[in-house]
Amino acid sequence: DGPAVFVAASSVVTYEDFETVIASGLLVVSDVDVGAGSVSAELRVGEGTVWLTSTAGLASVGAMPSGAVAFRGALSAVNAALENVRYRGRTHYNGNDTLTLWVSDEGLSGSGGALNATGSVALVLNAVNDRPNLTVIANETTAEDTQVCLGGGHVLISDLDDAGSELRLVVETTSGRLWLGGGSAGVSVVSGNGSARVELTGTGAALESGVAALCML
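The structure displayed is predicted, hence computed values, not measured ones. (Residues numbered from 1 in each chain as written. Predicted model: local features only at pLDDT ≥ 70, side-chain atom pairs only at ≥ 80, totals over all residues. Heavy atoms only, no water.)

## Description of the state of the cysteines
The term disulfide refers to a covalent linkage connecting the sulfur atoms of a pair of cysteines.
(1) Moving on: Counted according to the given criterion, the structure contains 1 disulfide.
(2) Moving on: Sulfur-sulfur distance for the disulfide between C149 and C215 comes to 1.9 Å. Taking the sign of the torsion about the S-S bond as the criterion, the disulfide between C149 and C215, at about 100°, is right-handed. Taken together, the residues span a long stretch of sequence, with C149 in strand β13 (residues 148-149) and C215 in strand β19 (residues 214-216) at a distance of 66 residues.
(3) Moving on: Residue classification places C149 among the partly exposed residues on the basis of a relative accessible area of 36%.
(4) Moving on: Among the residues examined, C215 registers a relative accessible area of 5% and is labelled buried. (Disulfide = S-S within 2.5 Å. Helix = DSSP H or I, 4+ residues; strand = E, 2+ residues; numbered from the N terminus. Buried < 20%, exposed > 50% of the residue type's maximum accessible area, 1.4 Å probe, protein only.)

## Brief notes about the sheet that holds strand β17 (residues 188-191)
Sheet strands line up and pair through hydrogen bonds in the backbone, either parallel or antiparallel.
(1) Moving on: In spatial order, the strands read β15-β18-β17; together these 3 strands make up an open sheet with antiparallel pairing. The two strands at the open ends of the sheet, each matched to only one other strand, are β15 (167-172) and β17. Averaged over all adjacent pairs, the angle separating strand axes in this sheet is 30°, with direction ignored.
(2) Moving on: As paired strands, β17 and strand β18 (residues 197-202) are joined by 3 bridges and run antiparallel to one another. (Pairing = 2+ DSSP bridges. Axes fitted to C-alpha atoms, helices over the stretch in contact; angles between N-to-C directions.)

## Details of the pairing of β18
(1) Moving on: For β18, a buried count of 5 out of 6 residues is recorded, marking the element as mostly surrounded by other parts of the structure.
(2) Moving on: By the bridge criterion, 6 bridges tie β15 to β18 in an arrangement that is antiparallel. Counted as the bridge partner of E172 is R197 from β18.
(3) Moving on: In this structure, the hairpin formed by β17 and β18 is closed by a connection of 5 residues, where G192 is found at a positive phi of approximately 85°.

## Observations concerning the packing of aromatic side chains
(1) Moving on: Counted by the stated rule, this structure contains 1 aromatic pair.
(2) Moving on: Where Y15 meets F18, the ring centres are 5.8 Å apart and the plane angle is 55°; that geometry is what we call tilted. (Phe/Tyr/Trp six-rings, centres within 6.5 Å; stacked < 30°, edge-to-face > 60°.)

## Some thoughts on the side chain of T20
(1) Moving on: Of note, T20 is situated in strand β3 (residues 19-22).
(2) Moving on: Among the residues examined, T20 registers a relative accessible area of 7% and is labelled buried.
(3) Moving on: Within the structure, T20 has its side chain in polar contact with the side chain of T14 (distance 2.5 Å).
(4) Moving on: Discounting residues that sit within four places of it in the chain, T20 has contacts with V12, T14, V85, R86 and Y87. (Polar contact = N/O pair within 3.5 Å; in protein donor to acceptor, adjacent residues only side chain to side chain. Contact = heavy atoms within 4.5 Å.)

## Topic: the environment of T135
(1) Moving on: Counting through the fold element by element, T135 comes out in strand β12 (residues 133-136).
(2) Moving on: Linking T135 and T173, residues 38 residues apart in sequence, is a C-alpha distance of 17 Å.
(3) Moving on: Contacts of T135, omitting those with residues within four sequence positions, involve H154, V155 and L156.

## Digging into the sheet that holds strand β7 (residues 58-61)
(1) Moving on: The mixed open sheet is built from 6 strands, whose spatial order is β2-β11-β10-β5-β8-β7. Looking at which strands have only one partner, the edges of the open sheet turn out to be β2 (11-15) and β7. Within the sheet, the average angular offset between the axes of one strand and its neighbour, ignoring direction, is 20°.
(2) Moving on: Pairing between strand β5 (residues 38-44) and strand β10 (residues 95-104): 5 bridges, direction antiparallel. Paired with S40 across the strands is S104, a residue of β10.

## Some thoughts on the pattern of salt bridges
(1) Moving on: A complete count under the given rule lists 7 salt bridges for this structure.
(2) Moving on: Where R197 meets E199, a salt bridge forms, and the shortest distance between an N and an O atom there is 3.6 Å.
(3) Moving on: Overall, the relative accessible area of 38% leaves R197 in the partly exposed class.
(4) Moving on: The class of E199 is buried, set by a relative accessible area of 12%.
(5) Moving on: Sharing partners across several salt bridges, the network here consists of R168, E172, R197 and E199. (Salt bridge = Lys/Arg side-chain N within 4 Å of Asp/Glu carboxyl O.)

Right, here's the structure in full:
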């Protein structure tokens, strides 16, 4: 007789960039005539990696975390390993994935060769708000009591999941005053123009240009 895979739930809901604990008992393997023999198993996902946090009693385990983790052992050891499964989607991925368990009885009992079974669980990865990125790539030097305008190439500003949407940028100085000069199309001054703290809004691209037009004295 061939093995069977019991699937306790059709889907698991999680979030992008989160490590997900696959509930104990979600996937269970049975085989009425495997006896003391071993079974081979493999966990597969398409949009991330999966791994076992406990491998006690298993005869062999493939590389992990991975998109496909193969392991082998007695039926009891395989089911114990399935109680300690973790999943993580690829970086910033949200959408659908599938966790599939494939198992083989290796043909150790009866005639007809190896028999296989599979079971699958849908993984739903909800989106989360990714933080914006601000990278300072150049510094500026000026003489005392001399106005300096930053010019281009000083910062890079982006937001992975809000490309083209409005961002808010606060620029502060510990001495002197800041103001937005010309060449700052698409940037709005919320507050503080001419003070030590200027608050601006605009898209990432507009704010990069706006910083280039920011002056200090």
